[in-house]
Number of protein chains: 2
Amino acid sequence: MTLLEAAAALRRREISSAELTAAALQRIERLNPSTNAMQTVMADAAREQAKQADYELARGEDRGPLHGIPIAVKDLFSTKGVRTTGGSNLFADHVPDHDAAVVESLCAGGAVLVGKTGMHELAYGITSSNPHFGAIRNPWDRDRIPGGSSGGSAAAVAAGMVSMAMGSDTGGSIRIPASFCGVVGLKPTYGRVSRYGAMPLGFSLDHMGPLTRSVRDAGAVLNGIAGYDPRDETSSRRPVENYVPDIEPSIRGLRIGLPENFYFERLDPDVDAAVRAAFHAAESYGAEIVPLRVPDIAALNTVARVILLAEASALLEPHLEQRDRFGPDVLALLDQGRLLPATDYINAQRLRSALQREFAGLWSRVDCLFTPTTPITAPRIGETATTIGGQSQDVRLAATRLVRAINALGLPAVSVPCGADRRGLPIGLQIVGQPFAEAIILRVAQALVPAEVPVPHL
Amino acid sequence: MTLLEAAAALRRREISSAELTAAALQRIERLNPSTNAMQTVMADAAREQAKQADYELARGEDRGPLHGIPIAVKDLFSTKGVRTTGGSNLFADHVPDHDAAVVESLCAGGAVLVGKTGMHELAYGITSSNPHFGAIRNPWDRDRIPGGSSGGSAAAVAAGMVSMAMGSDTGGSIRIPASFCGVVGLKPTYGRVSRYGAMPLGFSLDHMGPLTRSVRDAGAVLNGIAGYDPRDETSSRRPVENYVPDIEPSIRGLRIGLPENFYFERLDPDVDAAVRAAFHAAESYGAEIVPLRVPDIAALNTVARVILLAEASALLEPHLEQRDRFGPDVLALLDQGRLLPATDYINAQRLRSALQREFAGLWSRVDCLFTPTTPITAPRIGETATTIGGQSQDVRLAATRLVRAINALGLPAVSVPCGADRRGLPIGLQIVGQPFAEAIILRVAQALVPAEVPVPHL
């Protein structure tokens, strides 16, 4: 069941929050040993919250669609009194004394927090093969990575443990696992969702957003978490909208950009075919396909990588003397960041501004862009290189290649499933919009994606 | 005559723009050899502009108070077809093909541009002893520096060459020379005045503003140059106000902060006495003096210095191989900036944000702050250390100590003359306001400062 279906069933008294929660906990018990999606399960607290939700709903106190729904959040969102590791050995015993803004909002909406999802160490990577807490496994093929860094959130949603898990995205960390696990992953506009209480990685690149099994669920969650928060100085005062699209929205006349450069190079042929089919589907619903050239995304990727290297090292430098508490991939990145000169960082930020202005020019011509989310489907655990069209590619670079630049631009983007490769692994379509156009990209996504995404047989 | 007096005289037909301009050019001819305030004199173009202004005014086409008034701009503002050196050997022959935004605005207001003022090399220092174009001299004592980097602008206004010259302020470069030369120097809020076409030094610290002989003149110029400019991405969309205060404004009930820490340490005793007298004057006009502790200004000074070192080096790095084209002080700063790690720059920006938030708390308690602008009066040319209370201080550190942090905060601040030391050298009072409170600080300044500041006998 999707989140909104469960919400409707709750209101029809066909099911209770206690039952939904018990089912979620059962499914976690059954599937967590083989997926490792959940870092921490909050069974007792969840049962209490569910009881409370049932009590409130029975009394007619309706807090909205999240009320009584079991959910999870990535283990970098602070939870008062509940361990919050950030996937790091440094914080293995860290118990915050406050909730992250997103947790506050979800709980205020009556959601039932059943657990914290596992993640790539410090959210700094795309495999979610965590050296301290074990590799997270893709529900579609447990020998494969779920992607990262929000790998546990994507795996938990794909495995049907919860209908929604919150993730964070600094260089693709929501969209990559959404693509690899065949779920919906929404990275809102920079400033749209408060980051207060979420462990930072790259201050100017971090975004918070949901992973769900339907597009409308992503909108419903965004309705609950979007809005101004004075505790996050990058938070926008721009008014929120209703982000839940109609069940059968019209996209007639919408202009969808088809990038002629960069985004369709070096793709797995199955990915290429699936994404091109999405353009045809959109056209058949009356959308207009506008071929265009995008600004220099390769340069933006480099800019985003330099900025992240420096910002992450600035944050974590105080801990870097304890070298044995980091996994080798994260330590290598942190060491690299320490060696960057300030002038490179500043020049990267200047180039970022220039490319942002250049990119802004696109929005007079199109309402959104379609691109593949990842050029490949989920690689095997431990695999560091993959072969596309006879050419070997680094898995990390390939996974981030089509998503990372969007973080530097701060644009809203959603990854939605758009088919499967020859092995049956999910393929992701990325829909990118202009700043604060979440409602538009979700409308387009809803037109293309089935009411509930296909799920693996588990 | 002040700018507004000249404007009134023009409208009473007591004088023409041609006469004002001829007088300005004459004064430049007489006093520039001994002050070196003007880098480039634009005599012919100015005479043409003046003729045009007289023609328009005679026809009743009145462009406002700047119409027909001779002015100058610092030689880092691009002027179409007129050499713009930035005080640097690198740009000794640089002729821009466009006007800076403030030049556009001033000319659209009918101002007559008589010349470009000399400055510290690349605006990167406080002496204005330029190694390529000669030292600029303080009209009050030509063996002394005018301060910098807008030393030529301050000297030109103090010497009566023009009633207004534009300056720029990255770490005190408007306020320091205003203090040393006994004129009014206004650094508006970050984002209030467009920086388009002004040679940058520190992207996140640069501000543009006027130096004048009266407070009301500074307001009149701000009226002409404030406002949104899409060509400067830091430009604010906040609506502009009328910045010209009444001739005898009331400051009854206004709350003036008296910093109990930092700002009154290590001052020349004459400076201390003059600034304390300003508090008494304000109190006698009905203002309320509120003693308070300010956040860690020393930390903010360090933050501002680190940020400037890195930003200036990022900008100028491409030129740094031509080492013999830089003066020794600027070269040393640029070399220093190249060695800063990105993590230091990022941590400085984070500390800056934290201190900005802390500082913002003051504005519920006071409407403005009074501090000395500089702890010393103008030092001698070539002097690198000065003695205050028996202690030796580095001249550059002393000159910037009370002004630099305000750039990191982006707050509006005006330096106004508030007396003279035992040698007859001017003393500056700095009035700092909350963001976009230019009208308030100018009102307070107007209440305290004579209609026209004292000028040296030349």
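Remember, it's a predicted structure, so these values are computed and weren't measured experimentally. Every chain begins its residue count from 1, and numbering advances along the sequence as written. Chain A is the first chain written and ligand 1 is the first ligand written, with later ones labelled in order. Only residues with pLDDT of at least 70 get local features here, since the model is predicted, and only at 80 or more are side-chain atom pairs given and counted; chain-wide, interface and lining totals rely on the full set of residues. Water and hydrogen atoms were dropped before computing side-chain values, which therefore reflect all heavy atoms in the structure.

Visitor: Sorry if this is basic, but what is going on with the packing of helix H11 (residues 342–360) of chain A against helix H9 (residues 297–316) of chain B here?
Guide: If you want to describe how two helices pack, look at the angle between their axes and the distance between the axes. The interhelical angle for the contact between H11(A) and H9(B), taken along N-to-C directions, is 70°, at an axis separation of 8 Å. When the axes of H11(A) and H9(B) are compared, the pair comes out roughly perpendicular. Counting all contacts with H11(A), which are made through A:Ala342, A:Thr343, A:Ile346, A:Asn347 and A:Arg350, the residues of H9(B) involved are B:Ala310, B:Glu311, B:Ser313, B:Ala314 and B:Leu315. The classification used treats Ala, Val, Leu, Ile, Met, Phe, Trp, Tyr, Cys and Pro as nonpolar, Asp, Glu, Lys and Arg as charged, and all other residues, Gly among them, as polar. Partitioned by chemical class, the residues of the contact of H11(A) with H9(B) number 5 nonpolar, 3 polar and 2 charged. The axes used here are C-alpha line fits, helices contributing only the stretch in contact, and every angle between their N-to-C directions lies in the interval 0 to 180 degrees. For the purposes of this entry, the term helix denotes a DSSP run of H or I that reaches at least four residues, the term strand denotes a run of E that reaches at least two, and both are numbered from the N terminus. We call two directions roughly parallel when the angle between them is under 35 degrees, roughly antiparallel when it is over 145, roughly perpendicular when it lies between 65 and 115, and oblique otherwise. Contacts: residue pairs with any heavy atoms within 4.5 Å of one another.

Visitor: Help me out: how do you make sense of the interface of chain A and chain B in this one?
Guide: Accessible area lost when the parts come together is the quantity often used to give the size of an interface. With 19 residues of chain A in contact, the opposing surface of chain B contributes 19 residues. Counting each side, the surface lost to burial between chain A and chain B is near 1,500 Å², with a carbon and sulfur contribution of 59%. By buried area we mean the combined loss of accessible area, with a 1.4 Å probe, across both parts when two parts are placed together. Among the residues chain A hides against chain B, the three largest losses belong to A:Ala342, A:Thr343 and A:Ile346. Together they make up 32% of the total. What makes a salt bridge here is a side-chain nitrogen of Lys or Arg within 4 Å of a carboxyl oxygen of Asp or Glu, nothing more. Applying the counting rule to chain A against chain B returns 2 salt bridges. The shortest N-O distance in the salt bridge between A:Arg357 and B:Glu233 comes to 2.3 Å.

Visitor: Teacher, can you tell me more about the sheet that holds strand S1 (residues 38–41) of chain B here?
Guide: Adjacent strands of a sheet form backbone hydrogen bonds with each other and so pair up, either parallel or antiparallel. Residue and element names in this part refer to chain B. If DSSP finds at least two bridges between two strands, the strands pair. Taken in spatial order, the 11 strands of this open sheet run S1-S3-S2-S6-S8-S7-S14-S15-S11-S9-S10, and their pairing is mixed. On the outer flanks of this sheet lie S1 and strand S10 (288–292), each paired with one strand and no other. When strand polarity is set aside, the average angle formed by the axes of neighbouring strands in this sheet is 30°. Packing of helix H3 (residues 43–58) onto the sheet brings it into contact with S1 and strand S3 (112–117), and relative to S3 it is tilted by some 155°. Strands in contact with helix H5 (residues 151–158) are S1, strand S2 (70–74), S3, strand S6 (164–169) and strand S8 (207–212); relative to S6, the strand with the most contacts, it is inclined by about 155°.

Visitor: I would appreciate a short explanation of the environment of A:Leu308 in the present structure.
Guide: All names here are of chain A. Following the sequence through the fold, Leu-308 ends up in helix H9 (residues 297–316). The buried category is assigned to Leu-308, whose relative accessible area is 6%. Through-space distance from the C-alpha of Leu-308 to that of Asp-206 is 9.5 Å; in sequence the pair is 102 residues apart. Once residues lying within four places of it in the same chain are set aside, the contact partners of Leu-308 are Tyr-124, Thr-170, Leu-201, Gly-202, Leu-205 and Arg-404. When accessible area is computed with a 1.4 Å probe and restricted to protein chains, residues below 20% of their type maximum are described as buried, those above 50% as exposed, and intermediate ones as partly exposed.

Visitor: Which parts of the structure should I look at to understand helix H3 (residues 43–58) of chain A?
Guide: Think of an α-helix as 3.6 residues a turn; residues three or four steps apart then line up on the same face. Residue and element names in this part refer to chain A. Between its first and last C-alpha atoms H3 spans 22 Å; for 16 residues at 1.5 Å apiece the expected length is 22 Å, and the two agree. Looking at H3, one finds that the buried residues are Ala-46, Ala-50, Ala-53, Glu-56 and Leu-57. Buried residues of H3 fall within an arc of 125° about the axis and therefore sit on the same side. Residues of H3 that are exposed and point over 90 degrees away from its buried face: Asp-44, Lys-51 and Ala-58. On its buried face, H3 is in contact with helix H1 (3–11), helix H2 (17–35) and strand S3 (112–117). Gly-60 sits one or two positions beyond H3 and adopts a positive phi of about 85°. By this rule the span expected of a helix is its residue count minus one, scaled by 1.5 Å. In this description, one arc is meant: the one made by directions from the helix axis to the C-beta atoms.

Visitor: How should I be thinking about the sheet that holds S3(A) in this particular structure?
Guide: Residue and element names in this part refer to chain A. Here 11 strands make up an open sheet; going across it, the order is S1-S3-S2-S6-S8-S7-S14-S15-S11-S9-S10 and the pairing mixed. Only two strands of the sheet have a single neighbouring strand rather than two, namely strand S1 (38–41) and strand S10 (288–292). Averaged over all pairs of adjacent strands, the angle between their axes in this sheet comes to 30°, without regard to strand direction. In terms of strand pairing, strand S7 (residues 184–187) meets strand S8 (residues 207–212) through 2 bridges, oriented antiparallel. Looking across to S8, one finds that Val-184 is bridged to Thr-212. The strands touched by H3 within the sheet are S1 and S3, with S3 carrying the most contacts at an inclination of about 155°. Set on the sheet, helix H14 (residues 438–448) makes contact with S7, strand S9 (255–259), strand S11 (368–372), strand S14 (413–420) and strand S15 (426–433); between it and S15 the angle comes to about 150°.

Visitor: Explain the domain arrangement of chain A to me, please; I cannot follow it from the model alone.
Guide: All names here are of chain A. Each domain's extent was defined by an automatic or database domain assignment. The domains assigned to chain A are domain 1 (3–225) and domain 2 (255–448). Listed by partner, the interface residues are 53 residues for domain 1 and 59 residues for domain 2. When domain 1 packs against domain 2, the two sides together hide about 4,500 Å² of surface, and 65% of this comes from carbon and sulfur. Summed over the three residues of domain 1 that lose the most area to domain 2, namely Tyr-124, Arg-144 and Arg-175, the buried surface amounts to 18% of that side. Polar contact is defined as a pair of N or O atoms within 3.5 Å, subject to the rule that within protein one atom must be able to donate a hydrogen and the other to accept it, and that residues adjacent in sequence are counted only when both atoms are side-chain atoms. At the boundary of domain 1 and domain 2, one finds 24 residue pairs in polar contact (both at pLDDT 80 or more).

Visitor: Hey, could you run me through the relation of the copies chain A and chain B in this one?
Guide: The second copy of the chain is related to the first by a rotation about an axis and a shift along the axis. When the copies are superposed, the least-squares fit draws on C-alpha atoms of residues that have pLDDT of at least 70 in both. If you rotate chain A by 180° and push it 0.0 Å along the axis, it lands on chain B with an RMSD of 0.0 Å. Taken together, the rotation and translation describe the operation of a two-fold axis. Of the C-alpha atoms belonging to chain A, the one lying closest to the rotation axis is found on A:Ala342, 1.7 Å away. The share of interface residues of chain A whose copies in chain B are also at the interface is 100%, consistent with both copies meeting through the same surface.

Visitor: I tried to follow the side chain of B:Thr189 on my own but got confused; where do I start?
Guide: Residues and elements named next belong to chain B. Summarising the element assignment, Thr-189 is placed in the loop between strand S7 (184–187) and S8. Classification of Thr-189 by relative accessible area gives buried; the value is 4%. Within the structure, the side chain of Thr-189 is placed 2.8 Å from the backbone nitrogen of Phe-436, a separation counted as a polar contact. Beyond its immediate chain neighbours, meaning those up to four positions away, Thr-189 contacts His-207, Gly-410, Leu-411, Pro-412, Pro-435, Phe-436, Ala-437 and Glu-438.

Visitor: Would you explain the pairing of S3(A) in this entry?
Guide: On any regular strand, side chains alternate: one points to one face of the sheet, the next to the other face. Residue and element names in this part refer to chain A. Counted residue by residue, S3 has 6 buried out of 6 residues, so it is predominantly covered. The pairing of S1 with S3 spans 3 bridges and is antiparallel. Each bridged residue has a counterpart across the sheet, and for Met-38 the counterpart in S3 is Thr-117. Both strand S2 (residues 70–74) and S3 contribute to a ladder of 5 bridges, which runs parallel. Residue pairing for S3: Val-73 is matched across the bridge by Lys-116. By convention a crossover is right-handed if, when the strands point away from the viewer, the path from the first strand over the helix to the second runs clockwise. What joins S2 to S3 is helix H4 (residues 101–108), and the crossover it makes is right-handed.

Visitor: Looking at this structure, I do not really get the pairing of strand S13 (residues 391–394) of chain A. What am I missing?
Guide: Residue and element names in this part refer to chain A. Where strand S12 (residues 385–388) meets S13, 4 bridges bridge the pair, whose relative direction is antiparallel. Following the sheet pairing, Ala-385 is matched in S13 by Asp-394. Joining the antiparallel neighbours S12 and S13 is a turn of 2 residues, in which Gly-389 adopts a positive phi near 55°.

Visitor: I would appreciate a short explanation of unusual backbone geometry in the present structure.
Guide: Negative phi values dominate among residues other than glycine, just as trans dominates among peptide bonds. With an omega dihedral of 10°, the bond running from A:Gly148 to A:Ser149 counts as a cis peptide bond. Structurally, A:Ser149 is set in the loop between strand S5 (134–135) and helix H5 (151–158). With a phi close to 50°, B:Arg266 is a non-glycine residue in the positive phi region. Locating B:Arg266 in the fold gives a position in the loop between strand S9 (255–259) and helix H8 (269–284). For B:Arg266, a relative accessible area of 44% puts it in the partly exposed group.

Visitor: Explanation requested: the pattern of salt bridges in the structure shown.
Guide: Side chains that carry opposite charge are capable of pairing whenever their charged atoms lie near each other. Throughout the structure, instances matching the rule amount to 42 salt bridges over all chains. Across the pair B:Asp335 and B:Arg338 runs a salt bridge, and its minimum N-O distance is 3.8 Å. Of this pair, B:Asp335 and B:Arg338 are both found in helix H10 (residues 328–338), 3 residues apart, which corresponds to roughly one turn of the helix. Judged by its relative accessible area of 32%, B:Arg338 is partly exposed. Overlapping salt bridges bring together A:Glu104, A:Asp229 and A:Arg231 as one network.

Visitor: I tried to follow the environment of B:Asn407 on my own but got confused; where do I start?
Guide: Residues and elements named next belong to chain B. Inspection of the secondary structure assignment puts Asn-407 in helix H13 (residues 404–409). As a C-alpha pair, Asn-407 and Gly-171 span 236 residues in sequence and 5.9 Å in three-dimensional space. Those residues within four positions of Asn-407 in sequence are excluded, and the remaining contacts are Asp-169, Thr-170, Gly-171, Gly-172, Arg-175, Lys-187, Ser-204, Leu-205, His-207 and Arg-352. Reaching out from Asn-407, the side chain makes a polar contact with the backbone oxygen of Thr-170 at a distance of 3.0 Å.

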